[in-house]
Structure formats: structure tokens, C-alpha cells
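Secondary and tertiary structure notes
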Amino acid sequence: MRAAVLHGHGQPPEYGRHPVPRRTAGQALIRVTAAPVNPLDLLCASGVSYFGAPTLPYVPGTQGVGVIEQSDVLPAGQRVWFSCSAGMAPGDGTLAGLSVADDGAVLPLPDTVSDDLVAALGLSAVAAWMALTWRGRVQPGEHVLVLGASGTVGQVGIQVARLHGAGRVIAACRDAHGRQRAAELGADAVVDLTGTDPAQLAGRIGDASGGRLDLVLDPVWGTPAEAATRVLSPGGRLVNLGSSAGQQANLSSATLRSGALSVLGYTNNRLSAEQKATALAEILGQAAQGRIDTDRETLPLADIGAGWARCGKAPHRRAVMIPP
């Protein structure tokens, strides 16, 4: 089969031939119709992630959309979304013509949402949804700040906060296109995160928050997270699910204690298969009604180098690769 194959850690995959994966008991063989390139895929392929260096060569890709070829549970021809642990555990991933996934990681899809939108949303949308609802416990009327608003998690986070009744949604990111897009997606105010002075960033966030900030969705950490904690209202929560702006943030003990603030960690890896399936089903239901969308572009799998290079960079359109 044709696939995107990683031959060196930290290098982009190469398009070429690769053995067809073998299905075992409890797995489905899926013909892939769309697979996104996610930051997690690049992290795993780097060889320096906390998952350890994956054995080479392997096919990256941790999620995709496709059609069942063989399964003990679902009929052949069933359209599905699925995830796998490529790069985190032995085995190949979704950036290929065929892929295998555990039956519990396969979700039948309605015909109301396109392959490319399902692929682009996927686990990034699950992260935004669950970080705000399950971990952050967003409440109607609350003021919510979405850091990193230009990325897929941020774009979805804006819409999820609005859907759950947030009284004010503030979007913050560094690039101008992302801020414009955030406003189009429903943010009440946008904040420029350019700069390294936390006091200056806190001032901008404070001005945009309308004197109240209850919950922060934080996929970036670093200086932006430090600035946000300075603005959080008493009892406020910050949910962190990434570190694209830095691995460290200087949080003041006095700030945390005086405001009785909560800093909460989040990862999709702590969710059960049932939680993921339930969240994604709700997300796709909203997407079918036009209430959740995200920026994306489709590329043939043969152009994996271009899709790989664009991941995590402005203008933050999720690359969705289409196998032949």
C-alpha cells in the first residue's frame, strides 16, 4: 500500500510503499479516506517525547476517517472515525491507505459531516470540549478566555464555550489572522499575545475580560498562562492541555492562594474510550448543525511533506491528508 513512512526521528515522513497492516482479534481493518496531521504526530515522531522513541520505520498518524474493510463488530462498508497509538506504542498509524484500530477506538459516523471536517476536528475538538466541560466545568454566564485561539483546539474552544452559555468569550493569540478568525467564530473580544512581558499581557487580557475571568482554556502554557493567572477572578480555573509557548510558567504562590485559584492539567489520554466516543458524537452533532467548524485544507497523501511542515504554524489550517 501507499503510506507516509517515517525513516528518521525528527524528520518528515516520506511517501512510498509500506506493508499492509495485519488485523488481529479485537481490531478493525479500515480503508483510510482522510487523516489529519496533528501536533501529537510530530511530537511522537520527534523521538524525544515522553512516550519514548518509536521504532523505525513506522507510519505516523493517530486518528483518521475511513471505511471498514474487516471487523468482528462493524459491517464492511461502515464509515467510521478511529484513533490509534502510533508513535506511542508499537504499530503503524493512519497516514496510509489502510490502517488497523482497536474495536473500542472506532466510532460509526453519520453522513451529515464531511470526512475532512471529521478528521480536522477529531481529538483536538474532544480536547477542547472535555477540557472546558469535564475538567473546567464551565458554567452559564461565566467569562472564558481561550489562549492559543488560532489553532484547532482554540477555534473549537471558542465555539464550545459559546455553546455552553459563556457570558463572555475572550480569544487570545499572536497572529492577526487568528484573531480575525476568532472574532468570526464568536469571540466577544480578542487579545494580541505578542510579547514576553506577563504584566503587559495581563493588562490586555484584563481589559478584554470586562472585569471578570472565570475559566481559561490553555493549550500554550508559558508566559500567556502566567499572565492569565494574574487576571483570574477569585475561584477561577485554568485548564492546561499543552505547552506550545513554553514548558515553564512562573506562577505566583500569593496569586494562587489569595484568589483560591485552580490550575488543572488535562490530557485526552486520561479519557475512557466511552468518554471520547460520547464527546465526539456530541461535537459532530453540533457540527452537523453548523455550530462547530474549524479551518482545514485537504492535500493528497503524496504531499505529506507539505502537510507535515505546516502543522502548528500560522495560519493554522489543519492539514487533512487524502490517501489515493
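Below, the structure is looked at part by part.

Definitions and limits used
- Residues numbered from 1 in each chain as written.
- Predicted model: local features only at pLDDT ≥ 70, side-chain atom pairs only at ≥ 80, totals over all residues.
- Heavy atoms only, no water.
- Phe/Tyr/Trp six-rings, centres within 6.5 Å; stacked < 30°, edge-to-face > 60°.
- Buried < 20%, exposed > 50% of the residue type's maximum accessible area, 1.4 Å probe, protein only.
- Helix = DSSP H or I, 4+ residues; strand = E, 2+ residues; numbered from the N terminus.
- Contact = heavy atoms within 4.5 Å.
- Pairing = 2+ DSSP bridges.
- Axes fitted to C-alpha atoms, helices over the stretch in contact; angles between N-to-C directions.

Aromatic ring pairs are described here by two measures, namely the spacing of the ring centres and the angle between the planes. The final tally for this structure, using the stated rule, is two aromatic pairs. With 4.4 Å between their ring centres and 45° between their planes, Tyr50 and Phe51 make a pair best called tilted. What makes Tyr50 exposed here is its relative accessible area of 67%. On the basis of relative accessibility, which here comes to 24%, the residue Phe51 falls in the partly exposed class. Plain terms: the ring middles of Trp134 and Tyr266 are 6.3 Å apart, the flat faces sit at 80° to each other, and that makes the pair edge-to-face. With Trp134 in helix 2 (residues 115-135) and Tyr266 in the loop between strand 13 (262-265) and helix 8 (273-288), this pair connects stretches of sequence that are 132 residues apart.

Pro57 follows Leu56 through a cis peptide bond whose omega is -10°. At the junction of Ala314 and Pro315, the peptide bond is cis and its omega measures out at 10° in the coordinates. Assignment of secondary structure puts Pro315 in the loop between helix 9 (304-310) and strand 15 (318-322). Residue Trp221 is not a glycine yet carries a positive backbone phi of 60°. The topology assignment puts Trp221 in the loop between strand 11 (215-218) and helix 6 (222-231).

By the secondary structure assignment, Leu241 is in the loop between strand 12 (237-240) and helix 7 (253-258). As a C-alpha pair, Leu241 and Gly122 span 119 residues in sequence and 16 Å in three-dimensional space. If near-sequence neighbours (up to four positions away) are discounted, Leu241 is found in contact with Ala127, Ala131, Val153, Leu217, Asp218, Pro219 and Tyr266.

Further remarks concern the sheet that holds strand 10 (residues 189-192). The parallel open sheet is built from six strands, whose spatial order is 10-9-8-11-12-13. Strand pairing shows two members of the sheet lacking a second neighbour, strand 10 and strand 13, which therefore form its edges. Strand-to-strand twist of the sheet, defined as the mean angle between neighbouring strand axes without regard to direction, takes the value 20°. The sheet contact formed by strand 8 (residues 143-147) and strand 11 spans three bridges and is parallel. In the strand pairing of strand 11, Leu145 is matched with Val216.

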